[in-house]
Amino acid sequence: MDVRPRRHSPRFWKDPSWGSCSLGVFICVQCSGIHRNIPEIGMKVKSLSLSRWEDQEVEFMTENGNKLMKHKYEATVPVYYYRPTHKDCQVLREQWIRAKYERKEFTEEMRKWTYEEGTRDGMLMKRGRDNGQFLSRRFVLSENEGTLKYYIKFDAKEPKAVIKVDSINAAFQPEKIGNPNGLQITYLKDYSTRNIFLYHESGKEIVDWFNSIRAVQLNRLKVAFPVASDTELMPKLTRNFLKEGYMEKTGPRHTEGFKKRWFTLDHRRLMYFKDPLDAFAKGEAFLGHRDQGYSAQPGLPAGTHCNGAWQHGITIVTPERSFLFTCETETEQKDWLKHFNDVINIQMSPQEYSMEAQFRRKY
């Protein structure tokens, strides 16, 4: 019997080709595996085209559907809670599904979340800055202090680092870190970007940490900007990097040889590293607005000696200097340029003008 979605599909499901007869929702093939692993709901997950559907199952899907079930299971999702898309990693999608359907965290009956306790204390595996080994470290998140601290030992009196929550970005990086629950924390230390790489064996625990950080950030922003709406404040929470990958670059005199570096574009901050897991960036560039003298264009200036193997050039012009890069393929060159120009075409906020001034003083 033909079974096709008759109701609105959530924005994160790409081409829903499976259905949950237990819930009455249509899901994508990637998430069908997650649903099957949840005992309460996984017994009746069927392919829309390959499975045999009974009349009562079709009727159940027709009576329910994604729109109605979203109203039920997402009734009270906190505004800061990260809702994954089909582009996000497995742990985010799995914990979102489990939070909704297994733990029923967002139904009308359950309104108390661990993310909103204002503090969190626990052990996470942290990658050593110098030796690259992952060791257990104690982390303490405090909304009142506005900090995330970590300690070498559980009973240590003094923290190894005190990180301002307002400066934190957090993004899941399972492939880069080499763990399915890998989380990258990025923050500013003395106007330089510092990376720490974490994981926890429990997918729920690491996602709870992630959403707890977002909850603290939003609550503190509401205090700092009491008249701002949630829509205005949400972009200031943790965000995914716009793009990461390898390019080759030359030095500020444009006479040095091109060297392969790992680049991360975090909105207006373009950082480069010798290795993707380096703790500190070797250098950074700030991408301001086009009207302030910033531009990104294909190619390299005439006469540039390109000694590397990659020939697809990019020139970024800033008020202070030009940055020259090369990409391995034309496709990568076009993708980097699209992201650069998307950023350069966005008007700057007052906070970003302040950030630009800090960059000029440092670089």
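Further up the page is the structure itself.
Quick look at the structure, then. Just so you know, these numbers come straight off a predicted model, no measurement behind them.

Here the focus is helix H8 (residues 330-344). Look at H8: 21 Å from first C-alpha to last across 15 residues, which is about the 21 Å you get at 1.5 Å a residue. Here H8 has its buried residues at Gln333, Trp336, Leu337, His339, Phe340, Asn341, Val343 and Ile344. Contacts from the buried residues of H8 go to strand S11 (243-249), strand S12 (259-266), strand S13 (269-273), strand S15 (295-298), strand S16 (312-317) and strand S17 (322-327).

So, on to the packing of helix H4 (residues 90-102) against helix H6 (residues 203-224). Between H4 and H6, the shortest axis-to-axis distance is 10 Å and the interhelical angle comes to 90 degrees. Here H6 runs roughly perpendicular to H4, going by the angle between their axes. Contact residues: Val91, Leu92 and Gln95 in H4; Gly203, Lys204, Ile206, Val207 and Phe210 in H6. Taken together, the residues of the contact of H4 with H6 sort by class into five nonpolar, two polar and one charged.

Another point: the packing of aromatic side chains. Scanning all chains against the criterion turns up 17 aromatic pairs. Summarising the aromatic geometry, the rings of Tyr81 and Trp96 are spaced 5.7 Å apart at their centres and angled 40 degrees between planes, so their arrangement reads as tilted. Highlighted residues: Tyr81 in the loop between helix H3 (66-73) and H4 and Trp96 in helix H4, separated in sequence by 15 residues. Assigned by exposure class, Tyr81 and Trp96 land together as buried. With centroids separated by 6.4 Å and ring planes inclined at 75 degrees, the aromatic side chains of Phe263 and Trp336 adopt a geometry described as edge-to-face. Linking Phe263 in strand S12 with Trp336 in helix H8, this pair joins segments that are 73 residues apart in sequence.

Side-chain alternation along strand S8 (residues 169-172) places Asn169 and Ala171 on one buried face and Ala170 and Phe172 on a second face that is also buried. Note: S8 against strand S9 (residues 183-189), four bridges, orientation antiparallel. The residue of S9 that forms the bridge with Ala170 is Ile185.

A few words now on the nonpolar core. Within the largest apolar cluster, 39 residues are counted, with the highest numbers of intra-cluster contacts made by Tyr80, Tyr81, Phe139, Phe172 and Ile185. Among the elements that make up this core, the one with the highest residue count is H6 (nine residues). Setting aside anything within four residues of it in sequence, one finds Tyr81 in contact with Gln95, Trp96, Ala99, Phe106, Tyr115, Val207, Asn211 and Arg214. In terms of nonpolar packing, the next biggest core, distinct from the first, is built from 22 residues, Leu270, Leu287, Cys327 and Phe359 among them.

Calculation criteria
Residues numbered from 1 in each chain as written. Predicted model: local features only at pLDDT ≥ 70, side-chain atom pairs only at ≥ 80, totals over all residues. Heavy atoms only, no water. Helix = DSSP H or I, 4+ residues; strand = E, 2+ residues; numbered from the N terminus. Expected span 1.5 Å × (residues − 1). Buried < 20%, exposed > 50% of the residue type's maximum accessible area, 1.4 Å probe, protein only. Contact = heavy atoms within 4.5 Å. Axes fitted to C-alpha atoms, helices over the stretch in contact; angles between N-to-C directions. Parallel < 35°, antiparallel > 145°, perpendicular 65-115°, else oblique. Nonpolar A, V, L, I, M, F, W, Y, C, P; charged D, E, K, R; others polar. Phe/Tyr/Trp six-rings, centres within 6.5 Å; stacked < 30°, edge-to-face > 60°. Pairing = 2+ DSSP bridges. Core = buried A, V, L, I, M, F, W, Y, C linked by side-chain atoms within 4.5 Å.

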